[in-house]
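Observations on the model geometry
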Amino acid sequence: MMSSELTVLCLLLLHTGAHGFGILPGKSLNHLEITEMAILNTTVQVCRALAQAEGTDFTIPAQPFTAQTVAAACNAPQSTRSFQQAITFIILRNIRVDIRYALNASFHFDEEMFVQGRRIITEGIQAVKASNKQENFEAARQQLGEILHPLQDFYSHSNWVELGNKLPNGNLIRSDTSIGNIADKSRATCRSCNGDDCSNNILEDIIQEKILTSGYFGIVPFISTKPKGKCSHGGLIDQTSKIEPTGGINKDSLSASHGYLHTEAANLAKAATSQLLEDIRGAAGDRPFLEMMGISKGSSKALCFVIDTTQSMSDDIETVRNVTSFIINSEVGTENEPSLYILVPFNDPDFGPVTKTTDPNVFKNAINSLSASGGGDAEELSLSGLQLALTNAPLNSEIFLFTDAPAKDKQLQSTVIALIERTQTVVNFMISTSTVTSRRRRSGSIPQQYSRIAASDAQLYRDLAQASGGQAIEVTKNELPLATSIITQTSSSSLVTLLQAARDPGRADNFLFIVDETVINLTVYITGTTVTFTLISPNGETQQSTDATGSLITASQSVGNFKTLRLKKEVGQWEIRMVSTNPYTLKVVGQSPIDFLFDFVAASQGPFSGFDALDTRPRAGLNGSLLVSLTGSDTATLTEVALIESAGSEEIKGVMEPQGGGMFLVQVDRIPSVEFVVRVKGQDGAATSGASSTVFQRQSSTNFRASNLTITAESNSILVPGTPFSVPFFVMTSGTGGNFTIRATNNQRFDSTSPSSLFLETGNSTNGTVTLSAPLNTPSGTDVTLTVEAEGPGGADTNYIVLRFSVVNTVTDFTHPVCELLSLRSNCSENCSFSTWELSVRVTDGAEGVGVDRVSLRQGNGTINTSLAVGNENITMVSYSSSCCSPEMELLVVDRVGNVGTCSYSFREGSTAAVSLSTKVTQSLFLCLSLVVLWLMMILEPPH
């Protein structure tokens, strides 16, 4: 049965003939289902193993699994949103392969490209493992989605199933083994189908000799590269299937050429996906694997500070230390504990390095080690520090930047805005100011402790805060400790935005927002000077900003240009009437499990129709599409999706196609040409039998822009140190032509070359190339974010594309570590609880190996100790002792490039000698044994 959560994604690829597993809803299985089910199943197994290791209870959720039920079973319901977002991201990267690499046979195991297809998978696995080791989970997810597509296609496009195989080909995820006996290019493999019957078109000698083959594919009529006697992919689009031998062998759907084997192929693809995920899990460890999937022990949000460390910031740094200590001391171990901590210092002439850790004590030590010094001139590299934070923080993060100085690197403003839009990250600027004038500063009479920023210099920060949906809080240094209370208020992972607006220049305006029953801690943020307002509750009660005795505001706080209001809980539509001639911002937030995710998507320009998630701005003034999903409720549904002008009142409502599972494909007839936000409204609960439903409203924090420019880029996603790395890109404008400024920046400050400008004619595409070079000593797993921008004449229009690459050093070690049993002793008696057994093992990675990285206990209730062998860091000594009531144990051994092996041992009462059941269990054998159970579960599931 197709999971309702992913039905909408199936509809995003309305291929008339999909080049891969079928993707339309129905009885056929597809890439989307296969990926989702494997991720959910593997996540359940990881969480169960962790619960057993920690001695806690675990209940397997009811079938079919969903992100919400699995996150709850993992004791992390607050991670539902980030878990669903990770799954959707991986799936979108999977289906993107069919759009962007439709005719590249290697990505689909077509045309007997077995060696090339496996290379894509194994190099991708290396990148995933390296990224996880560096805690670059976003890059790991991207690479994972891309390699799952060819892995799954192998079982649909090759004759692996026809050869009688009942288990997945474990050698597809290893570089040091044989994939199988591959047909020679000159060897015939197929005969023509008998009409529509292709069940017997693979030649008998191919089957008998267990020869691997796959079909050829082409979309241009009368032109074929299919050698004589070779099989075709088959289907309406494949033009080679009309050339002798006719027909095809694909098993993409039940109606495909070999559709009678579709279910077997799909089940093998599911098992193979689980096998690959298990290998990645083994290399990463259980907790990092869950973090890659968006599941964390506490809040799914990161705590991210970007801090000016020049001399005048000494008091501010101390404030950050106090806030950090408060958050860590009060929230560690709770559901509000940040899942990730990020620190980026900056000054002039430098910024960074970034500290990124899941350990709160490491973060606290990094904060405590900061010292204020230098700062000769008045400007600092604040935007460079912010860019580094934006490229290291997870999607939908919240960043706090502390400074008292203007930005020296204002040229990065558009790059920062591009990253804000792509990551949907909120940036709050904590700007400490003073009453000392800039004239006195220039005269040299201003003491060092005073601020270096004038009011006009703060406008850049205000603009960036507004773009992200954050606050630009301007206070004196004495007021900063009070202003930082916003950090503790927004650390909850369940924080949602009900309303956000800005008016610059200021004017009187009325704003409506809906509060539903699930919202708690309703809070209003206002920035601006000389702002008054009137609150009107759903029952008509009012309170003025000057009224300190009203009942609608239960608590308020004012500091500098920043005001917070805590409102009483009252369900229904509220109104706030703002009055000011000065610029102001308004934001209403609360805590609720119900929220939404969305991506802008665009129609494919390739040979297949469909949609692809955008890495750029949408086209201005034209129709557009969004993929919207609700999180936090199985009963919620959307009633409205609209694009709202950020500085105005115009609304462009979309036409929704509900797909079930809280997901919607939304079409709008026009993307605004001015800044806008996305707002959704909906209902949660049934409105039948007298039961009331909850009406809710949510809004994106990020302000988005559209563009008349189109910018695209294609490149390999793996960058090798010391090797020039080229990224071709293409720019086109539907507006006025001319010379367009080109800017290319990367977060690692790698050397790069690119054109500084391109001449564009209206409607025509012009190309350029960015060339990057990573130093030879760049660690594997380094995450590189490249932003390529194009700006029209006079700065009238801009667009960008944000690309992510993983640095992977060349790997020569493809063998897993092995174990050698040194001793196994016991004093087991009839009463097992009063007797023990113990063993010692030597773990090595071989003479050519890179060394053992980690040894852990995968099964067993005993105590394990590890140490490096004296004089040889390539040998790890392991000792283990356990009660005789637990007679079996299993070690997981991982080397430094992520090769995974397992070693199993057992002692049973009555044995005359110590018995090692398996001292050198290979990775592939272990995975195959575990997958037998998975495979049996899959084939015994009720019919779809």
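We now turn to the structure provided with this report. (Residues numbered from 1 in each chain as written. Predicted model: local features only at pLDDT ≥ 70, side-chain atom pairs only at ≥ 80, totals over all residues. Heavy atoms only, no water.)

Points about empty space enclosed by the protein
Summed over all chains, the structure comprises five cavities of 30 Å³ or more. Taken as a whole, the second largest cavity spans an internal volume of roughly 180 Å³. Lining the second largest cavity we find 16 residues, and of these Gln126, Lys129, Ile173, Phe814 and Asn899 sit closest to its centre. At four residues, the largest contribution of residues to the lining of the second largest cavity is made by helix 5 (residues 114–133). (1 Å grid on protein atoms, 1.4 Å probe; cavity = no way out; pocket = protein on both sides within 12 Å on 5 of 7 lines; lining within 4 Å. Points joined across faces, edges and corners; volume = space filled by probe spheres on them. Helix = DSSP H or I, 4+ residues; strand = E, 2+ residues; numbered from the N terminus.)

Here's the deal with the layout of surface pockets
Here the second largest pocket defines a volume of roughly 1100 Å³. For the second largest pocket, the lining is made up of 50 residues, of which Phe89, Arg93, Arg96, Gln142 and Asp615 are closest to its centre. Those elements giving two or more residues to the lining of the second largest pocket turn out to be helix 4 (80–100), helix 5, helix 6 (137–157), helix 12 (382–392), helix 13 (413–423), strand 18 (595–603), strand 20 (624–631) and strand 35 (798–807). Here the lining of the second largest pocket gets nine residues from one element, more than from any other, and that element is helix 4. Considering only residue class, the lining of the second largest pocket consists of 24 nonpolar, 13 polar and 13 charged. (Nonpolar A, V, L, I, M, F, W, Y, C, P; charged D, E, K, R; others polar.)

What to know about the sheet that holds strand 14 (residues 553–559)
An order of 9-17-11-15-14 is seen for the five strands of this open sheet, with the pairing classed as antiparallel. The outermost strands of the open sheet, each flanked by one partner alone, are strand 9 (495–503) and strand 14. Averaged over neighbouring strand pairs, the angle between their axes works out to 15 degrees when direction is ignored. The sheet contact formed by strand 11 (residues 520–528) and strand 15 (residues 562–567) spans five bridges and is antiparallel. Of the residues in strand 15, the one forming a bridge with Val524 is Leu565. (Pairing = 2+ DSSP bridges. Axes fitted to C-alpha atoms, helices over the stretch in contact; angles between N-to-C directions.)

Quick notes on unusual backbone geometry
Here Gln63 and Pro64 are connected by a cis peptide whose omega angle stands at -10 degrees. A cis geometry characterises the amide bond from Gly352 onward to Pro353, with omega recorded as 0 degrees. Residue position: Pro353 is located in the loop between strand 4 (340–346) and strand 5 (355–357). Residue Lys210 is not a glycine yet carries a positive backbone phi of 55 degrees. In this fold, Lys210 is placed in the loop between helix 7 (204–208) and strand 2 (211–212).

Some remarks on the packing of helix 2 (residues 31–54) against helix 8 (residues 262–284)
One way to put it is that helix 2 packs onto helix 8 with a least axis distance of 9 Å and a crossing angle of 45 degrees. When the axis of helix 2 is compared with that of helix 8, the two are oblique. The two elements helix 2 and helix 8 cross, and the hand of that crossing is right-handed. Across the interface between the two elements, Ile34, Met37, Ala38, Ile39, Thr42, Gln45, Val46 and Ala49 of helix 2 pack against Ala266, Ala269, Lys270, Thr273, Ser274, Leu277, Glu278 and Arg281 of helix 8. Per-class residue counts for the contact of helix 2 with helix 8 are nine nonpolar, four polar and three charged. (Parallel < 35°, antiparallel > 145°, perpendicular 65-115°, else oblique. Left-handed = near helix turned anticlockwise from the far one by under 90°. Contact = heavy atoms within 4.5 Å.)

Here's the deal with the pattern of salt bridges
Applying the stated criterion to the full structure yields 46 salt bridges. Residues Glu209 and Arg187 are paired through a salt bridge, measuring 3.1 Å at the closest nitrogen-oxygen approach. Here Arg187 lies in the loop between strand 1 (181–182) and helix 7 and Glu209 lies in the loop between helix 7 and strand 2, a separation of 22 residues in the sequence. According to the relative accessible area criterion, Arg187 is partly exposed, its value standing at 24%. (Salt bridge = Lys/Arg side-chain N within 4 Å of Asp/Glu carboxyl O. Buried < 20%, exposed > 50% of the residue type's maximum accessible area, 1.4 Å probe, protein only.)

Here we look at the environment of Asn478
Its place among the elements puts Asn478 in the loop between strand 8 (472–476) and helix 16 (480–483). Since its relative accessible area comes to 74%, Asn478 is described here as exposed. Residues Asn478 and Thr433, spaced 45 residues apart in sequence, show a C-alpha to C-alpha distance of 9.6 Å.

A word on the nonpolar core
The biggest cluster of nonpolar side chains holds 64 residues, and the ones touching the most others in it are Phe83, Leu144, Tyr155, Leu276, Met292 and Met293. Every element with two or more residues in this core is listed here: helix 2, helix 3 (67–73), helix 4, helix 5, helix 6, helix 8, helix 9 (286–292) and strand 19 (611–613). Of all the elements, helix 2 adds the most residues to this core, at 10 residues. With near-sequence residues (within four places) excluded, Phe83 lies in contact with Ile39, Leu40, Thr43, Ala67, Val70, Ala71, Met293, Gly294 and Ile295. (Core = buried A, V, L, I, M, F, W, Y, C linked by side-chain atoms within 4.5 Å.)

Quick look at helix 11 (residues 360–368)
Residues Pro360, Phe363, Lys364, Ala366 and Ile367 constitute the buried set of helix 11. Here the buried residues of helix 11 occupy an arc of 160 degrees about the axis, which is enough to place them on one side. Looking at the buried side of helix 11, the elements it contacts are strand 3 (302–308), helix 10 (314–331), strand 4 and strand 5. Two or three places before Asn361, at the start of helix 11, stands the capping residue Asp359, its side-chain oxygen 2.9 Å from that residue's backbone nitrogen. (Arc of directions from axis to C-beta. Polar contact = N/O pair within 3.5 Å; in protein donor to acceptor, adjacent residues only side chain to side chain.)

Some details on the packing of aromatic side chains
Aromatic rings in a pair are described by how distant their centres are and how their planes are angled relative to each other. In total, this model carries 21 aromatic pairs according to the counting rule given. Judged by centre distance (5.8 Å) and plane angle (90 degrees), the rings of Phe305 and Phe402 are edge-to-face. In this pair, Phe305 is assigned in strand 3 and Phe402 in strand 6 (residues 398–403), connecting sequence segments 97 residues apart. Per residue, the accessibility class of Phe305 equals that of Phe402, and both read buried. For the pair Phe598 and Phe600, a centre-to-centre distance of 5.8 Å together with 90 degrees between the ring planes defines the contact as edge-to-face. A relative accessible area of 6% means that Phe598 is categorised as buried. (Phe/Tyr/Trp six-rings, centres within 6.5 Å; stacked < 30°, edge-to-face > 60°.)

A short note on the environment of Gln859
One can find Gln859 in strand 38 (residues 852–859). Overall, the relative accessible area of 38% leaves Gln859 in the partly exposed class. Between the C-alpha atom of Gln859 and that of Glu888, which follows or precedes it by 29 residues, the distance is 7.5 Å. In contact with Gln859, other than residues within four places in its own chain, are Glu888, Met889 and Glu890.

Comments concerning the side chain of Thr80
Position of Thr80 relative to the elements: it lies in helix 4. Ignoring anything within four residues of it in the chain, the contact list for Thr80 reads Ala67, Gln68, Ala71 and Gly632.

Regarding the state of the cysteines
This model, assessed by the stated rule, comprises six disulfides. Residue Cys819 pairs covalently with Cys903 via a disulfide, S to S 1.8 Å. Judged by the torsion about the S-S bond (75 degrees), the Cys819/Cys903 disulfide is right-handed. Here Cys819 is found in strand 36 (residues 818–826), whereas its partner Cys903 is found in strand 42 (residues 900–906), with 84 residues between them in sequence. (Disulfide = S-S within 2.5 Å.)

As for helix 6
Here helix 6 contains 21 residues, and its C-alpha end-to-end distance of 30 Å stays within 8% of the 30 Å for a straight helix at 1.5 Å per residue. Summarising burial for helix 6: 21 of the 21 residues are buried, a large majority. (Expected span 1.5 Å × (residues − 1).)

Some details on the environment of Ala467
Turning to its location among the elements, Ala467 is positioned in helix 15 (residues 459–468). Separated by 236 residues in sequence, Ala467 and Asn703 place their C-alpha atoms 4.9 Å apart. Here Ala467 is in contact with Ile420, Ser701, Thr702, Asn703 and Arg705, once residues within four sequence places are set aside.

A closer look at the packing of helix 12 against helix 13
The contact between helix 12 and helix 13 brings their axes to 10 Å, and the two run at 20 degrees. Classified by the angle between their axes, helix 12 and helix 13 sit roughly parallel to one another. The interaxial crossing formed by helix 12 with helix 13 has left-handed handedness. Across the interface between the two elements, Leu383, Leu386, Gln387, Leu390 and Thr391 of helix 12 pack against Gln413, Thr415, Val416, Leu419, Ile420 and Thr423 of helix 13. Looking at side-chain class alone, the contact of helix 12 with helix 13 contains six nonpolar, five polar and no charged residues.

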